[in-house]
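# Commentary on secondary and tertiary structure
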Amino acid sequence: MIFRRISQLISFRSFSIGRPDVATTSSKFANERWSVLVVHPKVRWGSGSASVLKQADRQLEEAVALVNNLPNMIAVDSLIMPVDYNTKRKSIWAAGNLEKLVTRREAARATALMINVDVLSPSQQEKLFRIFEVPIFDRYNIVLSTFKEFAQTDEAQLQIALAEIPYIKHRIHALSSKRLHSRPEILHIEQQYAEVEGDLNEILRKKEQDLRRDLKESTRKSSESIKSKNSSDAVVAVVGYTNSGKTSLVKRLTGASSLTPKNQLFATLDTTRHVAKLPSGRSAVFTDTIGFLSDLPMHLITAFEATLAHVKSADVIIHLRDVSNPDWKAQEEDVVATLKSIGVAENVLTERMITVDNKIDKEGAENIADATTKSIRISCKTGDGMQDLIDRINQKVTIATKCKTIRLRLDVRSPVIEWLYHNEFVVVEPVADGNNLIFDVVMSESEIGRFRKKFDHLRKKV
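These numbers were taken from a predicted model, which means no experiment stands behind them. (Residues numbered from 1 in each chain as written. Predicted model: local features only at pLDDT ≥ 70, side-chain atom pairs only at ≥ 80, totals over all residues. Heavy atoms only, no water.)

## A few points about the sheet that holds strand E1 (residues 34–43)
The following threshold applies: We call two strands paired when DSSP finds no fewer than two bridges between them. In this description a helix means any DSSP run of H or I spanning at least four residues, a strand means any run of E spanning at least two, and both kinds are numbered starting from the N terminus. Note on contacts: a residue pair qualifies if any of its non-hydrogen atoms lie within 4.5 Å across the two residues. Lines fitted to C-alpha atoms define the axes, with helix axes restricted to the stretch in contact, and inter-axis angles between N-to-C directions lie between 0 and 180 degrees.
A sheet is described by the order of its strands in space; here 4 strands give the open sequence E2-E1-E3-E4, paired in parallel fashion. Lying at the two open borders of the sheet, with one neighbouring strand each, are strand E2 (73–83) and strand E4 (136–137). In terms of strand pairing, E1 meets strand E3 (residues 112–115) through 4 bridges, oriented parallel. Each bridged residue has a counterpart across the sheet, and for Val-39 the counterpart in E3 is Ile-115. Seen against the sheet, helix H2 (residues 95–108) touches E1, E2 and E3 and runs at an angle of roughly 165° to E2.

Take a look at the structure:
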């Protein structure tokens, strides 16, 4: 369903509105199947024009893929329609181009339109509905519907519910101010909202508070579950544009059988964590995160900030680029901008990030000679370049966790030996020297401190 109810999360029963469950975005179209005309409004000049890295045909292709990603939508036609300066006009285009689009919709027998902008205003959605006489969707509607379709955990569903509230507030305000004469479902919200007695803003504010509280608790439990395994494990966050191969990479690095990579936009919505042993003997937690996307409303990104919180504090960040995609430069720009928007500091991007170019096995994959990022070229499919990447991760983790190699000369009967093996510090077997064994082990400063406190009276350094 395009707008599936999450009634257990968005229930207004406690506010006595008179209906047991009220979803946020409209479910009027829930059981419909839509033939969609996808239109990309290319701003030809002015401050509203796209980055020079973004090609209009690639943006249109991505919009079509987003639509086709939903099980009850199919893009039956698509086109680029130029617009001057910006997309702020109520109807977006002038009369002549609107007439062309109406003719195109009728020829394609499209039953809905997707306008490829981040989010339409309520007045734009109303105006366009009256012109085309079919439902009008924007990127926000399509992406949020995709999130609902593929979210599996409570944490992801809570974030989706939270992301909807600003959208609803804006549209309810527009309806209540009498500036619009739309039916609520035209704006993709429930008819019940127009009939609520009392302060709906207060109801939504209280619901937002409850969602934030529940999300905070869910995130805390998730974080504690991974910390309880070993608080000294390094965290390696894998980020990248949607469908760049993040899940495949984490599976390659950790061997996690629970991961099932898919050639699908937003196949991963829930942050998953998987532990692997590095060549140094250190354990690292690799996190597979939600994919990034261009032109998303800020409040949609903000709602998923809890999921991405670990990225800010990660010891190492792997930025995965799909260099087989002709638009990879624009995608990289969007990923970096999103990382900055959620609070990742500039020095973290320069000091802790590893840039990895994936899908080099594909025809057309660009060979990038990038001296500034020193990117590593890999193929998650064939395994090419993986050893180079593992070595770079090992190096970065060692630096980030302030680990150092110490040499220990131990009597073969020393209790320290059993402790080293039990705590998995022994990566390379020791060298025998008479009745002694010489170990080279990697420890962080805190581990060295604990070790000295426990065994200082027995330890002999070479």
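## Section: the packing of aromatic side chains
Here is the rule: Pairing of aromatic side chains requires ring centres within 6.5 Å, counting the rings of Phe and Tyr and the six-membered ring of Trp. Pairs whose planes differ by under 30 degrees are stacked, by over 60 edge-to-face, and all others tilted. Relative accessibility decides the category of a residue: with a 1.4 Å probe and only protein chains considered, values under 20% of the type maximum give buried, values over 50% give exposed, and everything between is partly exposed.
Enumeration over the complete set of coordinates arrives at 5 aromatic pairs. Centroid distance Tyr-140 to Tyr-167: 4.4 Å. Interplanar angle 15°. Geometry classified as stacked. Of this pair, Tyr-140 sits in helix H4 (residues 139–150) while Tyr-167 sits in helix H5 (residues 154–176), and the two are 27 residues apart along the sequence. On the basis of an interplanar angle of 80° and a centroid distance of 6.2 Å, the ring pair of Tyr-421 and Phe-439 is categorised as edge-to-face. On the criterion of sequence distance, the pair formed by Tyr-421 in helix H13 (residues 415–422) and Phe-439 in strand E13 (residues 436–443) is long-range, its members being 18 residues apart. With relative accessibility at 1%, the residue Phe-439 sits in the buried group.

## Considering the environment of Ile-74
Locating Ile-74 in the fold gives a position in strand E2. We classify Ile-74 as partly exposed; its relative accessible area is 47%. Between the C-alpha atom of Ile-74 and that of Val-38, which follows or precedes it by 36 residues, the distance is 9.8 Å.

## Re the sheet that holds strand E9 (residues 353–358)
Spatially, the 6 strands line up as an open sheet ordered E6-E7-E5-E8-E9-E10, and their pairing is mixed. The sheet is open, and its two edges are formed by strand E6 (272–277) and strand E10 (376–377), each paired on a single side. Running over the sheet, helix H7 (residues 246–254) touches strand E5 (234–240), E6, strand E7 (283–288) and strand E8 (316–322) and is turned about 160° from E7. This element, helix H12 (residues 386–400), spans E5, E7, E8, E9 and E10 of the sheet and lies at about 170° to E9.

## Examining the pattern of salt bridges
The condition that has to hold: The rule for a salt bridge is simple: a side-chain nitrogen of Lys or Arg has to be within 4 Å of a carboxyl oxygen of Asp or Glu.
Considering all chains together, one arrives at 21 salt bridges under this definition. Where Glu-332 meets Arg-321, a salt bridge forms, and the shortest distance between an N and an O atom there is 2.7 Å. Taken together, the residues Glu-332 in helix H10 (residues 328–341) and Arg-321 in strand E8 connect sequence positions 11 residues apart. Between Lys-340 and Glu-346 there is a salt bridge whose closest N-O contact spans 3.3 Å. Counted as one network, the salt bridges with shared partners bring together Lys-206, Asp-210, Arg-213 and Asp-214.

## Section: helix H1 (residues 56–68)
Here is the rule: Given a helix with a known number of residues, its expected span is that number minus one, times 1.5 Å.
Between its first and last C-alpha, H1 extends 18 Å over 13 residues, near the 18 Å set by a 1.5 Å rise per residue. Among the residues making up H1, those that are buried are Ala-56, Gln-59, Leu-60, Glu-62, Ala-63, Val-64, Leu-66 and Val-67. Those residues of H1 hidden inside the fold are in contact with E1, E2, E3 and H4.

## Side note on the side chain of Asn-116
For clarity, the cut-off: Polar contact is defined as a pair of N or O atoms within 3.5 Å, subject to the rule that within protein one atom must be able to donate a hydrogen and the other to accept it, and that residues adjacent in sequence are counted only when both atoms are side-chain atoms.
Inspection of the secondary structure puts Asn-116 in the loop between E3 and helix H3 (122–132). Using a relative accessible area of 5% as the deciding quantity, one classes Asn-116 as buried. Within the local environment of Asn-116, its side chain forms a polar contact with the backbone oxygen of Gln-59, the two atoms lying 3.4 Å apart. There is a polar contact of 2.8 Å between the side chain of Asn-116 and the side chain of Arg-139. If we ignore the near neighbours within four places in the chain, the residues touching Asn-116 are Val-39, His-40, Pro-41, Gln-59, Ala-63 and Arg-139.

## Concerning the pairing of E6
One ladder, built from 6 bridges, connects E6 with E7; its direction is antiparallel. Bridge assignment links Val-275 to a residue of E7, and that residue is Val-285.

## A look at the UniProt feature "binding site: Mg(2+)" (unreviewed entry) in the protein
What counts here: UniProt positions are given in the numbering used here, feature names are shortened, and annotations may be inferred rather than shown by experiment.
Under the UniProt annotation, the feature "binding site: Mg(2+)" (unreviewed entry) is placed at Thr-247 and Thr-268. Within the secondary structure layout, Thr-247 lies in helix H7. Of the residues examined, Thr-247 reaches a relative accessible area of 12% and is grouped as buried.

## A word on the packing of H1 against H4
How two helices pack is summed up by the angle between their axes together with the distance between the axes. The condition that has to hold: Reported orientations rely on four angle classes, namely roughly parallel under 35 degrees, roughly antiparallel over 145, roughly perpendicular from 65 to 115, and oblique for the rest. Should the near helix be turned anticlockwise from the far one by less than a right angle, the crossing is termed left-handed; should it be turned clockwise, right-handed.
Viewed as axis vectors pointing N to C, H1 and H4 meet at an angle of 45°, and their least axial separation amounts to 9 Å. Here H4 runs oblique to H1, going by the angle between their axes. Helix-helix and strand crossings are classified by hand; for H1 and H4 the assignment is left-handed. When H1 is examined against H4, the residues Glu-62, Leu-66 and Val-67 are found in contact with a partner set consisting of Arg-139, Ile-142, Val-143 and Thr-146.

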